[in-house]
Amino acid sequence: MTVMEQRDAYRPTPPPAWQPRTDPAPLLPDARPYRVLGTEAAAKADSELLRRLYAQLVRGRRYNAQATALTKQGRLAVYPSSTGQEACQVAAALVLEERDWLFPSYRDTLAAVARGVDPVQALTLLRGDWHTGYDPYAHRVAPLCTPLATQLPHAVGLAHAARLKGDDVVALAMVGDGGTSEGDFHEAMNFAAVWQAPVVFLVQNNGFAISVPLAKQTAAPSLAHKAVGYGMPGRLVDGNDAAAVHEVLADAVAHARAGGGPTLVEAVTYRIDAHTNADDATRYRADGEVEAWRDHDPILLLERELTGRGLLDEDGIQAAREDAETLAADLRARMNQDPALDPMDLFAHVYAQPTTQLLEQETQLQAELDAEAAGPEGAVR
Ligand SMILES: Cc1ncc(C[n+]2csc(CCOP(=O)(O)OP(=O)(O)O)c2C)c(N)n1
Ligand SMILES: [Mg+2]
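Residues numbered from 1 in each chain as written. Chains lettered and ligands numbered in written order. Predicted model: local features only at pLDDT ≥ 70, side-chain atom pairs only at ≥ 80, totals over all residues.

This part covers the overall build of the chain. Along the backbone of the chain there are 14 helices and 7 strands. The C-alpha atoms of the chain give a radius of gyration of 23 Å, which matches the 21 Å a tight globule of 381 residues would have. Dimensions of the chain along its principal axes, counting C-alpha atoms only, are 80 × 65 × 40 Å. Out of the 381 residues belonging to the chain, those deemed buried represent 41%. Taking all contacts inside the chain whose residues are at least 6 apart in sequence as the whole, residues at least 24 apart take part in 76%. (Helix = DSSP H or I, 4+ residues; strand = E, 2+ residues; numbered from the N terminus. Rg over C-alpha atoms; globule rule 2.2 N^0.38 Å. Buried ≥ 20, exposed ≤ 12 C-beta atoms within 10 Å, placed from the backbone. Contact = placed C-beta atoms within 7 Å.)

Taken domain by domain, the chain consists of domain 1 (25-335) and domain 2 (343-378). Once you take the C-alpha centre of each, domain 1 and domain 2 turn out to be 38 Å apart. (Domains from an automatic or database assignment.)

Within strand β2 (residues 171-176), 6 of the 6 residues are buried, leaving the element largely enclosed by the surrounding structure. A two-sided burial pattern is seen for β2, the buried positions comprising A171, A173 and V175 on one face and L172, M174 and G176 on the other. In the sheet, strand β1 (residues 101-103) pairs with β2 via 3 bridges, with the strands oriented parallel. Residue L102 lies in a different strand from β2, and its bridge partner there is L172. Across 6 bridges, β2 lies against strand β3 (residues 199-205) in parallel orientation. Bridge pairing in β3 places A171 opposite V199. Traced from β2 through helix α7 (residues 183-194) to β3, the parallel crossover comes out right-handed. (Pairing = 2+ DSSP bridges. Right-handed = clockwise from strand over helix to strand, strands pointing away.)

Turning next to the site of ligand 1. In the vicinity of ligand 1, 14 residues are found, and the nearest of them are L148, G176, G178, G179 and A209. The residue inventory of the shell around ligand 1, partitioned by class, reads 5 nonpolar, 6 polar and 3 charged. (Near = placed C-beta within 6 Å. Nonpolar A, V, L, I, M, F, W, Y, C, P; charged D, E, K, R; others polar.)

The interhelical angle for the contact between helix α6 (residues 151-165) and α7, taken along N-to-C directions, is 20°, at an axis separation of 8 Å. With respect to their mutual orientation, α6 and α7 come out roughly parallel. Considering the relative orientation of α6 and α7, their crossing is left-handed. Here L152, P153 and V156 of α6 lie close against α7, whose contacting residues are D184, F185, E187, A188, F191 and A192. (Axes fitted to C-alpha atoms, helices over the stretch in contact; angles between N-to-C directions. Parallel < 35°, antiparallel > 145°, perpendicular 65-115°, else oblique. Left-handed = near helix turned anticlockwise from the far one by under 90°.)

A positive phi is found at R140, a non-glycine position, where the angle reads about 55°. Phi is positive for A149, which is not a glycine, with a value near 70°. Within the element layout of this structure, A149 appears in the loop between α5 (136-139) and α6.

Here we take up the UniProt feature "domain: Dehydrogenase E1 component" (unreviewed entry) in the chain. Following the UniProt record, one finds the feature "domain: Dehydrogenase E1 component" (unreviewed entry) at residues 64-339. From the first C-alpha to the last, residues 64-339 spans 21 Å; its make-up is 45% helix and 11% strand. (UniProt positions renumbered as here; feature names shortened; annotations may be inferred.)

The subject of this paragraph is the environment of A274. Within the secondary structure, A274 is located in the loop between β7 (263-268) and α11 (287-294). For the pair A274 and R35, spaced 239 residues apart in the sequence, the C-alpha separation amounts to 26 Å. Each residue touching A274, except ones within four places of it in the same chain, is listed here: D279, D280 and A281.

Here you go:
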């Protein structure tokens, strides 16, 4: 018997999205990105939450700088920095309950760290030692995903499965503006909306997919508008306004948890650094553009709000910086130790049932390693 044939297997049946929608208006995003900081809405924001967000933003900025420095010292192979995007990273991590799942892309190390993943283990993929240096189940953070948008169907599958089992779990999946042009994005959005899966899609629109600007990526009025075609709400938010991103994501998570189905959130932000340390961004964008975004920096915006309302003073700023320095010092010290690696680990955790080719390669590598260990006499010819 298939799951579909089981009595009461689906809650609720049939999925609500099967009813035709006649009015797309409630699904449409605002014309301009939603903002909280510096507006009247800020007075209603929870000041404790704002302080937590601030401390995490400062830590996040320092983490990005330290990880980038480690690439220059040869301790990290590659680092896609999220400098300038910390508000999205931190809000995504803080908005979830422990039982929820986060599905990050390669740029979202910081979100994983803010959710509790060990800062060194979060970098293992980018050092090249292991595909995932942390246990995804420990903090409910899926592996950082390098193939664009492939984390999205995974998130939908997990969320849909949780719903079938009756588990109260929401999945939040992160993707870039470029990732929205992928087939996997379409498939995930469509499946999630049809089945009303408890998923939140967070698109960090940082202006570029490596050197491709948004104008060459899409002809849509905004990326949030794409939601309407699938039958889910689209929300447009200022991605550098940590309070706004948190609020919009919290609404979307609550909506999903209550059985309302998925939401697509587009956070408009900017990638201050190059695509990775291996990229030279000066070849495709002007310095003036980067400088203009520095005036709309996520830390600056929140710091201005908090100090203006007397919720943060010089001592508080200093304490946040010292905490960030401690994080960076620990990261430096541990990343400067050579990792103990076993080449045979290459074959571990690839398939539950290894393929014949993989078994052959495993035997071959083991023979080569044995021969090397045996010295010149034992060399394989
Ligand atoms: C399926 C796939 N195609 C191409 C690539 C190569 N690639 C890596 S990052 C990237 C740009 C992605 O841009 P975006 O989705 O905007 O994310 P960002 O890097 O800006 O965070 C591309 C094309 C890839 N990793 N996976
Ligand atoms: Mg991008």
